[in-house]
Amino acid sequence: MPAALWRAGLLLSFLGFCACLEDQCVLGVVGRPVSLPCVYPQLLSSENISIEWRRGEEVVLTSVVKEDGDVEEWSVNRATTPADAALTGNFSLQLPTVDPSKQQINYSLFVNSGENQSTELCTVCLRTAASFSFPRLQKEAEDGEETTFLCQSSGGFPEPAVYWLINNTEEPPEGSVMTKVAPLPNTNLYNVTSLLTVNVSKDDSVSCVIQNLSMNETLSSTTYGGKGSPVKSRASEAMWMFSTGLCVVVGVMVLAGVMYQIHLDRISKKKKKEFQKEQEQTKRGERLTNLTPPTFTRVSEFLQKLLRGY
């Protein structure tokens, strides 16, 4: 039997013994490496074969196994197969990173014989996904009896399901929710913004839920309601007035205390000056009293002589 026919028959027989599961999706997380499995130990007995991994019609990797076991490989985006593929038959496609181009895409492995005969051995689908950030929920505005809540999340893929819950069980009225999903600049990831305008009481809980089915991920954030009842509003207003009045009273008391302290400081300074003046006068008297006797005698004799001359 010619060698070419033998090789073609051998390759066709491999189809019944495919070691990979066709149409089985592999989850690839954006920005992380992923491996698409395809194992064919039967190819180890073949010589001068080449394999191709294709994404649709695009060839992403070509690998040629020579008679001496050497492998020559060419790829785009640094895709590879295991270094020991020629020894183990593991021709799995290894992608260094996953890009959010499409939610699901098929990769197929083809084997080429020397006569340009190409046989598809297995197909693996890649499902692409990325986690959204934890939703940021805040009360945006109040208009009459209605309150608007804003929920934001970003960085995920594909587009998520967004819904709101009141008190963890009730759905908001129809037409009260407005949601926008838009791609982030220079990426295929998504940013989600959702607004809920509803009439809720102060004690009602409001939850925003972001659901990414591809990641099997559900994220939620909860806050509490809008305006209270009229009784509660009047009580809040009375409390505000009481607090304001109390602040005014405290301010007046503090100001009076400061002014009284200034008055005391002035009296203290005045008394201090009077005391210092008395001390100076006392010191002058002591200096006169402390004159020595000889000095006093000489002064007396001088005065007597002066009187005799008259």
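The paragraphs below set out a description of the structure included in this document. (Residues numbered from 1 in each chain as written. Predicted model: local features only at pLDDT ≥ 70, side-chain atom pairs only at ≥ 80, totals over all residues. Heavy atoms only, no water.)

Concerning the packing of aromatic side chains
Then, number 1: Counting across every chain of the model gives 1 aromatic pair.
Then, number 2: With centroids separated by 5.9 Å and ring planes inclined at 15 degrees, the aromatic side chains of phenylalanine 157 and tyrosine 190 adopt a geometry described as stacked. Placement of the pair is phenylalanine 157 in the loop between β10 (146–156) and β11 (161–166) and tyrosine 190 in strand β13 (residues 190–198), with a sequence separation of 33 residues. In this structure, phenylalanine 157 and tyrosine 190 share a single accessibility class: buried. (Phe/Tyr/Trp six-rings, centres within 6.5 Å; stacked < 30°, edge-to-face > 60°. Helix = DSSP H or I, 4+ residues; strand = E, 2+ residues; numbered from the N terminus. Buried < 20%, exposed > 50% of the residue type's maximum accessible area, 1.4 Å probe, protein only.)

Some details on the state of the cysteines
Then, number 1: Overall, the coordinates contain 3 disulfides when judged by the stated rule.
Then, number 2: With its sulfur 1.7 Å from that of its partner, cysteine 25 forms a disulfide with cysteine 125. With cysteine 25 in strand β1 (residues 24–29) and cysteine 125 in strand β8 (residues 118–129), this residue pair connects regions lying 100 residues apart in the sequence.
Then, number 3: The exposure class assigned to cysteine 125 is buried, which follows from its relative accessible area of 2%.
Then, number 4: Note on cysteine connectivity: cysteine 151 is disulfide-linked to cysteine 208, with sulfurs 2.0 Å apart. Residues cysteine 151 and cysteine 208 are joined through a disulfide that is left-handed, its torsion about the S-S bond being -80 degrees. Taken together, the positions of cysteine 151 in strand β10 and cysteine 208 in strand β14 (residues 205–212) put the pair 57 residues apart, joining distant regions of the chain. (Disulfide = S-S within 2.5 Å.)

Some points on the pattern of salt bridges
Then, number 1: For the structure on display, the rule yields 3 salt bridges.
Then, number 2: Ionic pairing is found between arginine 54 and glutamate 52, a salt bridge with its closest N-O pair at 2.9 Å.
Then, number 3: The class for glutamate 52 is buried, based on a relative accessible area of 15%.
Then, number 4: Glutamate 58 serves as the salt-bridge partner of arginine 55, at 2.8 Å between the closest nitrogen and oxygen. (Salt bridge = Lys/Arg side-chain N within 4 Å of Asp/Glu carboxyl O.)

Observations concerning the side chain of threonine 123
Then, number 1: Counting through the fold element by element, threonine 123 comes out in strand β8.
Then, number 2: Polar contacts involving the side chain of threonine 123 include one to the side chain of serine 108, which spans 3.0 Å. (Polar contact = N/O pair within 3.5 Å; in protein donor to acceptor, adjacent residues only side chain to side chain.)

Section: the nonpolar core
Then, number 1: Ranked by internal contacts, the top residues of the largest apolar core, which has 23 residues, are Leu36, Trp53, Leu93, Leu95, Tyr107, Leu109 and Leu126.
Then, number 2: Of all the secondary structure elements, the ones that give two or more residues to this core are β2 (34–36), β3 (49–55), β4 (58–65), β6 (93–95), β7 (104–112) and β8.
Then, number 3: Sequence-distant contacts of leucine 95, defined by excluding residues within four places in its chain, comprise Pro33, Val34, Ala79, Tyr107 and Leu126.
Then, number 4: Counting 17 residues, the second-largest nonpolar core is a separate cluster that includes Cys151, Leu196, Val206 and Ile210. (Core = buried A, V, L, I, M, F, W, Y, C linked by side-chain atoms within 4.5 Å. Contact = heavy atoms within 4.5 Å.)

A short note on the pairing of β10
Then, number 1: Both strand β9 (residues 136–143) and β10 contribute to a ladder of 7 bridges, which runs antiparallel. Bridging from a neighbouring strand, aspartate 143 pairs with glutamate 146 of β10.
Then, number 2: Across 9 bridges, the pairing between β10 and β13 is antiparallel. Paired with phenylalanine 149 across the bridge in β13 is leucine 196. (Pairing = 2+ DSSP bridges.)

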